[in-house]
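An overview of the molecular structure
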Amino acid sequence: NDYNTLSSAMTILALDSYAGMEPGNLAKLSIEAVGAGGAATSIGKAQGHLLQAQTWDAATARLRFVNHSAQSAWGVLTQSGYDRQAPAKAIKQGLEIVRDYTDDKGRPLDKVTVGQEIDVHVKVRAIGDEALDDIAVVDLLPGGFDPVLRTPPPATTDTSEDGEYDDDDSAQAQWTSPLGLDSSSWHADHADVREDRVVIYGSVSSDVREFVYRIRATNAGSFRIPPAYASAMYRPSVQAEAPAAGVLTVVRPK
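Summarised in this report is the structure supplied together with it.

How each quantity is defined
- Chains are numbered independently. Their residues run from 1 in the order of the written sequence.
- Reporting in this predicted model follows two pLDDT cut-offs: at least 70 for local features of residues, and 80 or more for side-chain atom pairs to be given and counted; totals over whole chains, interfaces and linings ignore these cut-offs and use all residues.
- Water and hydrogen atoms play no part in the side-chain values, which are based on all heavy atoms of the structure.
- Where helices and strands are cited, they refer to DSSP runs of H or I of at least four residues and of E of at least two residues respectively, numbered from the N terminus.
- Exposure is judged per residue with a 1.4 Å probe applied to protein chains only, and the accessible area is read against the type maximum: over 50% gives exposed, under 20% gives buried, and values in between give partly exposed.
- Here the open area of atoms and residues is found with the Shrake-Rupley method and a 1.4 Å probe, where only the protein chains shown may cover a residue.
- At least two DSSP bridges between two strands are required for those strands to pair.
- Fitted lines through C-alpha atoms serve as axes, helices being fitted only where they are in contact, and the angles separating the N-to-C directions of these axes extend from 0 to 180 degrees.
- For this analysis, a salt bridge means a side-chain nitrogen from Lys or Arg found within 4 Å of a carboxyl oxygen belonging to Asp or Glu.
- Throughout this description, the term nonpolar core refers to a set of buried Ala, Val, Leu, Ile, Met, Phe, Trp, Tyr and Cys residues connected via side-chain atoms within 4.5 Å.
- Residues count as neighbours in contact if any of their non-hydrogen atoms are within 4.5 Å of one another.
- Here a pair means two rings of Phe, Tyr or Trp (six-membered ring of Trp) with centres within 6.5 Å. Their orientation is stacked below 30 degrees between planes, edge-to-face above 60, and tilted elsewhere.
- Identification of polar contacts relies on pairs of N or O atoms within 3.5 Å, with a donor-acceptor requirement for protein atoms, meaning one able to donate a hydrogen and the other able to accept it, and with residues adjacent in sequence counted only if both atoms are side-chain atoms.

A tally of regular secondary structure across the protein gives two helices and 18 strands. Among the 254 residues that make up the protein, the fraction classed as buried is 32%. A total of about 15400 Å² of accessible surface is found on the protein, and carbon and sulfur atoms cover 49% of it.

In structure tokens, the structure reads:
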């Protein structure tokens, strides 16, 4: 799932580098979709130095990975999506997450107008005294809303008093969040904007920290509010989930 997106990307790069050392072995690998009756269909396709699985139908009972080479083969599986049934209760396993929508004056709301911008408040904290690093927060957007990207300030670099670049004269541009508003008390390490969600990475402590960003209503209708998730990327047992939060209604301007 999205909690492990960054870890999965790094794993794929590592596998590609590993496979590149013995490219001839790729032809000795296969991935097969096995039906309930035992019939197997090849679904593997070479891409670069890797063998990637293509689609398979609902009748597939299992997948089979075959390695006829002498070199060890490794695999990685990722998935993305959302629960068909929204959770009714919060999950708090070492983490806690809360998400609210307000207008630009901080007032809660449940009805907005097409074109209106509202603020998303994502609050997260560690349960216990231990600070947690490498936390990924996945905030699914309600249907009919798009993130509002902020205009970043000019990139800055660290220089010494004589105007020369520090760190062996290499200019390192400072990363600026494309989303977070100045009212945020949680300064994320990184944030990704995707088609239906925002993914925020950073560290948390036992103190509540808040990441605030803005979304814009683009379609009229009633949209169910999806849950927000948080997880430690390298400790899957540490996770949190906010329960379903009702419906946001978007009306057309009069």
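Moving on, there is more to tell.
Strand order in this open sheet of six strands is β6-β17-β16-β10-β13-β12, and the pairing throughout is antiparallel. The strands lining the two open edges of the sheet, one partner per strand, are β6 (91–93) and β12 (190–193). Ignoring strand direction, the axes of neighbouring strands in this sheet form an average angle of 20 degrees.

Turning our attention to the pattern of salt bridges. Inspection of every chain in the model, using the stated rule, returns eleven salt bridges. Between Arg235 and Glu130 there is a salt bridge; the shortest N-O distance is 3.4 Å. With Arg235 in strand β17 (residues 235–241) and Glu130 in the loop between β9 (117–126) and β10 (132–140), this residue pair connects regions lying 105 residues apart in the sequence. Across the pair Asp192 and Arg194 runs a salt bridge whose closest N-O atoms are separated by 3.4 Å. Salt bridges sharing common partners tie together Lys92, Glu96 and Arg125.

Let us look at the nonpolar core. Of all hydrophobic cores here, the largest spans 34 residues; its most connected members are Leu95, Ile97, Val137, Phe145, Val204, Tyr213 and Ile215. Contributing elements (two or more residues each) for this core: β7 (95–102), β9, β10, β13 (197–204), β14 (209–217), β16 (228–232), β17 and β18 (247–251). For this core, the element with the most residues is β9, which contributes five residues. Excluding anything up to four places from it in sequence, Val137 contacts Ile97, Val122, Trp186, Val198, Val199, Ile200, Tyr229 and Ala230. Residues Val138, Val199, Tyr201 and Tyr229 belong to the second largest nonpolar core, which totals seven residues.

Attention now moves to the packing of aromatic side chains. Within the structure shown, the criterion is met by two aromatic pairs. Each ring, one from Trp186 and one from Phe211, has its centre 6.4 Å from the other, and the planes form 80 degrees; the classification is edge-to-face. Note that Trp186 is positioned in the loop between α2 (166–169) and β12 and Phe211 in strand β14, a separation of 25 residues in sequence. Classification of Phe211 as buried rests on a relative accessible area of 2%.

Here we come to the side chain of Asp139. Along the chain, Asp139 falls in strand β10. When its relative accessible area of 0% is taken as the criterion, Asp139 is described as buried. A polar contact of 2.8 Å, which involves the side chain of Asp139, links it to the side chain of Arg99. Within polar-contact distance, the side chain of Asp139 engages the side chain of Tyr213 at 2.5 Å.

Now for the sheet that holds strand β5 (residues 60–67). Neighbouring strands of a sheet are bound in pairs by backbone hydrogen bonds; such pairs are parallel or else antiparallel. Taken together, three strands build an open sheet; the order of strands is β2-β1-β5 and the sheet is antiparallel. Because the sheet does not close on itself, it has two edges, and the strands there are β2 (40–42) and β5. The mean angle between the axes of side-by-side strands here comes to 30 degrees, regardless of whether they run parallel or antiparallel. Relative to β5, strand β1 (residues 29–35) runs antiparallel, the two sharing seven bridges.

Relative to the helices and strands, Glu96 resides in strand β7. Residue Glu96 is classed as buried on the basis of its relative accessible area, which comes to 17%. Separated by 3.1 Å, the side chains of Glu96 and Lys92 make a polar contact. Only 2.8 Å separates the side chain of Glu96 from the side chain of Arg125, close enough to count as a polar contact. Setting aside residues no more than four positions away along its own chain, Glu96 makes contact with Lys123, Val124, Arg125, Ile127 and Ala240.

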